[in-house]
Amino acid sequence: MAKLNPKLNLPQGKELKARLMMTIGAVLLFYMLVSTIQAVWQNYQIDRELRELREENAELKLRNKYLQNLIAYRKTDSFKDKEARAKLNYQKVGETVLIIPDDNIERFTEGNINRQEDQTQREPTNPEKWWRLIFGTHEVA
């Protein structure tokens, strides 16, 4: 007859097998848990990389469409005409070219042009100033 263990009331041979099976089961459970966590982590990283690649693909498609439109625009006659005028100083027959220096461009905005027209009124001559002073029609400028 096999001896009984006083604590578990199991025979020693069966107790050893039970502990061995529990240890093997715990190791297998731990291994499956670690493997599952690794698989979930890899799946997450692959999904994230796939999402980034899809976003990059969408951006590249937009960029490609923009470049195709730019190429189509640059093939038009209006673009060629505009570039010839800007870079080569070409002009059409009967056309007058006006060059505005960049450093003084502020003077030529719409609001400033109206104020400049008011300021560019003719300065009264000296006799006109005397006439205004003597007869009081206007203040002396």
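As the structure is a prediction and not an experimental result, all values here were calculated from the model.

J.: Just give me the short version of the pattern of salt bridges, but keep the residues and values in it.
T.: Applying the stated criterion across every chain yields a total of three salt bridges. Where Arg19 meets Glu15, a salt bridge forms, and the shortest distance between an N and an O atom there is 3.3 Å. With a gap of four residues between them, Arg19 and Glu15 both fall in helix α1 (residues 12–74), about one helical turn apart. Note that Glu123 and Lys129 form a salt bridge whose closest N and O atoms lie 3.7 Å from each other. Under the relative-accessibility criterion, Lys129 is labelled partly exposed at 24%.

J.: If you had to explain a negative patch on the surface to someone new, which residues and values would you point to?
T.: Taken together, the side chains of Glu49, Glu52, Glu55, Glu56 and Glu59 define an acidic patch exposed on the protein surface. Mapping Glu56 onto the fold places it in helix α1. Residue Glu56 is classed as partly exposed on the basis of its relative accessible area of 43%.

J.: Can you break down helix α4 (residues 126–135) residue by residue, with the values?
T.: Within α4, only zero of the ten residues are buried, which leaves the element largely exposed. Two residues or fewer after α4 comes Gly136, characterised by a positive phi angle close to 65°.

J.: Lay out the packing of aromatic side chains in plain terms, naming residues and giving numbers.
T.: Counted according to the given criterion, the structure contains three aromatic pairs. With 5.5 Å between their ring centres and 35° between their planes, Trp41 and Tyr44 make a pair best called tilted. With Trp41 and Tyr44 both in helix α1, this residue pair falls three residues apart, about one helical turn. Residue class for Trp41 comes out partly exposed when judged on its relative accessible area of 49%. Here the aromatic rings of Trp131 and Phe135 are separated by 4.2 Å at their centres, their planes lie at 45°, and the arrangement is tilted. Of the two residues, Trp131 and Phe135 are both situated in helix α4; the distance of four residues between them amounts to about one turn of the helix.

J.: Give a detailed account of the confidence of the model for the protein chain, specifying residues and quantitative values.
T.: Taken over all residues, the pLDDT of the protein chain has a mean of 81, while the share at 70 or more is 72%. Predicted confidence in the protein chain is weakest over helix α3 (residues 110–119), with a mean pLDDT of 58, and strongest over α1, with 94.

J.: Can you tell me about a nonpolar patch on the surface, naming the residues and giving the values?
T.: Where nonpolar side chains cluster on the molecular surface, the patch consists of Trp130, Trp131, Leu133, Ile134 and Phe135 and spans about 620 Å² of accessible area. Considering the arrangement of structural elements, one finds Leu133 in helix α4.

Reading the values: the criteria
Residues numbered from 1 in each chain as written. Predicted model: local features only at pLDDT ≥ 70, side-chain atom pairs only at ≥ 80, totals over all residues. Heavy atoms only, no water. Salt bridge = Lys/Arg side-chain N within 4 Å of Asp/Glu carboxyl O. Helix = DSSP H or I, 4+ residues; strand = E, 2+ residues; numbered from the N terminus. Buried < 20%, exposed > 50% of the residue type's maximum accessible area, 1.4 Å probe, protein only. Patch = residues over 30% accessible without salt bridge, like charges linked within 9 Å, V, L, I, M, F, W, Y side chains within 5 Å. Areas by Shrake-Rupley, 256 points an atom, 1.4 Å probe, with all protein chains shown as cover. Lys, Arg positive; Asp, Glu negative; His and termini not counted. Charge placed at Lys NZ, Arg CZ, Asp CG, Glu CD. Phe/Tyr/Trp six-rings, centres within 6.5 Å; stacked < 30°, edge-to-face > 60°. pLDDT = per-residue confidence, 0-100.

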